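Observations on chain architecture
Given next are the chains, with one letter for each unit.
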Amino acid sequence: AMTKICNKCKKELPKSNFALQKLGKGGYRASCKECVKNTYLRTKHGLIKKMLANQRARSKKCNYPLPNYTFDELYQWCMSQEIFHKLYNTWVSSGYQTRYIPTCDRLDDYKPYTLDNIQLLSWQDNNRKHYLDIRSGKNTKTCKTVLCYDLQGNLVKEYYSIAEAGRAVGTGHSNIRNVCEKRPKKKKN
């Protein structure tokens, strides 16, 4: 047979979806590769390994220095944090919902990952913090600065983002963007 039933997900899958194992039935593991991966990534060890991999990938993508700690150092740090165990238990209790997964957040987004520049948060709290930091002007890496001039060409104010300028003058950010890009105003029908 070219297929095999996974003992975890109970799906009939091609044998290529199973890792080879000399002592396994028919020379393959009982669980498919996806189930084995998900089982490991749901352990504390696997979760921390994934956190470090994500930090390294993000650092490379943004041209930041790589985290200055090893997996063992991050593992010890996480395991010594009471909040890590609380977050992990909440994630497990939720049925592994993404919004509750424990994540590492940089305290200062302008500095690289170091053990003294990270904190543990759930994914949803980390995401919320990211947007609040942008809105408050604490993190302006993805924002476009807007300069406001009077009719004589004198600088009146500098806003860190289009959204902040829109909030300050009481209009939507799309109106500010249109003015900055010199787009004609849309006519109402």
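Before reading on, note that the structure itself is shown above.
Below: a short report on this structure. (Residues numbered from 1 in each chain as written. Predicted model: local features only at pLDDT ≥ 70, side-chain atom pairs only at ≥ 80, totals over all residues. Heavy atoms only, no water.)

What follows concerns the pairing of strand β3 (residues 102–106). With five of five residues buried, β3 is to be regarded as a mostly interior element. Residues P102, C104 and R106 line one face of β3 and the alternating positions T103 and D105 line the opposite face, and both faces are buried. Both β3 and strand β4 (residues 118–122) contribute to a ladder of five bridges, which runs antiparallel. Note on β4: the bridge partner recorded for D105 is Q119. (Buried < 20%, exposed > 50% of the residue type's maximum accessible area, 1.4 Å probe, protein only. Helix = DSSP H or I, 4+ residues; strand = E, 2+ residues; numbered from the N terminus. Pairing = 2+ DSSP bridges.)

With that settled, consider the pattern of salt bridges. Any two side chains of opposite charge can pair, given that their charged atoms come close. The full count for this structure, using the stated rule, is four salt bridges. For K37, the salt bridge identified is with E34, shortest N-O distance 3.9 Å. Taken together, the positions of K37 and E34, both in helix α1 (residues 33–41) and three residues apart, correspond to about one turn of that helix. Exposure remark for K37: the relative accessible area of 43% places this residue in the partly exposed category. Judged by relative accessible area, E34 falls into the partly exposed class, the value being 44%. (Salt bridge = Lys/Arg side-chain N within 4 Å of Asp/Glu carboxyl O.)

A word on the nonpolar core. One finds L74, C78 and L120 to be the most contacted residues of the largest nonpolar core, which totals 17 residues. Those elements that place two or more of their residues in this core are α2 (44–61), α3 (71–79), α4 (82–93) and β4. Ignoring any residue separated from it by four or fewer positions in sequence, one finds C78 in contact with I48, M51, F84, H85 and L120. Counting residues in each nonpolar core, the second largest holds six residues, with L13, Y28, C32 and C35 among its members. (Core = buried A, V, L, I, M, F, W, Y, C linked by side-chain atoms within 4.5 Å. Contact = heavy atoms within 4.5 Å.)

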